[in-house]
Amino acid sequence: MTTDQARPAGARRPGVDVPTDHTGLRVLDLDECLELVASTPVGRIAFELDGEITVLPVAHLVDGVDVCFRTAGSSKIQAAVDRERVAYEADAFEPSTRTGWSVLVQGVATIVEEEAEVRRLDQRAPALWVPVEPESMTWVRVRAQSVSGRSVG
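A. Representation of the nonpolar core. Of all hydrophobic cores here, the largest spans 21 residues; its most connected members are Ile 45, Phe 69, Tyr 88, Val 103 and Val 142. Going through the elements one at a time, helix H2 (30-39), strand E2 (42-49), strand E3 (52-63), strand E4 (66-71), helix H3 (74-81), strand E5 (85-94), strand E6 (99-111) and strand E7 (138-152) are the ones with two or more residues in this core. The element that contributes the greatest number of residues to this core is E6, accounting for 4 residues. Counting residues in each nonpolar core, the second largest holds 5 residues, with Leu 61, Cys 68, Leu 121 and Trp 139 among its members.

Below you can see the structure in the form of C-alpha cells.
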C-alpha cells in the first residue's frame with residue numbers, strides 16, 4: 001500500500017494538495033478556520049440595522065463551529081432575538097511579512113437563554129473590553145451555516 005492509499009479520503013498531502021481560490025489565496029479547511037478564529041480575541045459581527053449594514057467589533061469565543069459573544073448592545077441583541085442572518089469575520093495580518101488570514105462565519109444570530117449554557121460560556125469567556133458588569137450582558141450565538149477562510153503568505 002502506498003502512502004497515498006493509506007491516507008483517508010479527502011485528506012491533504014502536506015505541501016502538495018493545497019487548494020487555492022481564483023486569486024491564488026490558500027483556502028483554509030474548517031479546522032484551520034476554527035483554530036484561527038479561536039486564536040484572536042476580537043472579530044466583527046455584521047448585520048442589517050435600519051436598512052443599513054452595520055459592522056461592530058466584539059470579543060468572542062468559538063464553541064464547536066459557532067461563534068459566541070457577550071453584548072450589552074441593544075442592536076446586536078435585537079438581531080439575535082429576530083434570528084437574523086449575520087456574518088462574523090476575524091482576521092490577522094502582518095504587514096512586514098505580507099502574510100495573513102481571514103475567516104468568515106455566516107449564519108443566524110440567536111440569544112443564549114439556557115442557564116447551564118450561559119454558565120458554561122461565562123466560564124470560558126474572554127475578558128471584557130468594555131466597563132460593563134458581566135451580569136448585564138447577553139450571550140449571542142452565531143449558529144454557523146457556512147465557515148470559509150483564506151490565507152496569504
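Moving on, there is more to tell.
B. The arrangement of the packing of aromatic side chains in detail. Enumeration according to the criterion identifies 1 aromatic pair in this entry. Ring centres of Phe 69 and Tyr 88 lie 6.4 Å apart, and the angle between their planes is 20°; on these two criteria the pair is classed as stacked. Placement of the pair is Phe 69 in strand E4 and Tyr 88 in strand E5, with a sequence separation of 19 residues. The residues Phe 69 and Tyr 88 share a single accessibility class, namely buried.

What counts, and where the lines are drawn
- Residues numbered from 1 in each chain as written.
- Predicted model: local features only at pLDDT ≥ 70, side-chain atom pairs only at ≥ 80, totals over all residues.
- Heavy atoms only, no water.
- Core = buried A, V, L, I, M, F, W, Y, C linked by side-chain atoms within 4.5 Å.
- Buried < 20%, exposed > 50% of the residue type's maximum accessible area, 1.4 Å probe, protein only.
- Helix = DSSP H or I, 4+ residues; strand = E, 2+ residues; numbered from the N terminus.
- Phe/Tyr/Trp six-rings, centres within 6.5 Å; stacked < 30°, edge-to-face > 60°.

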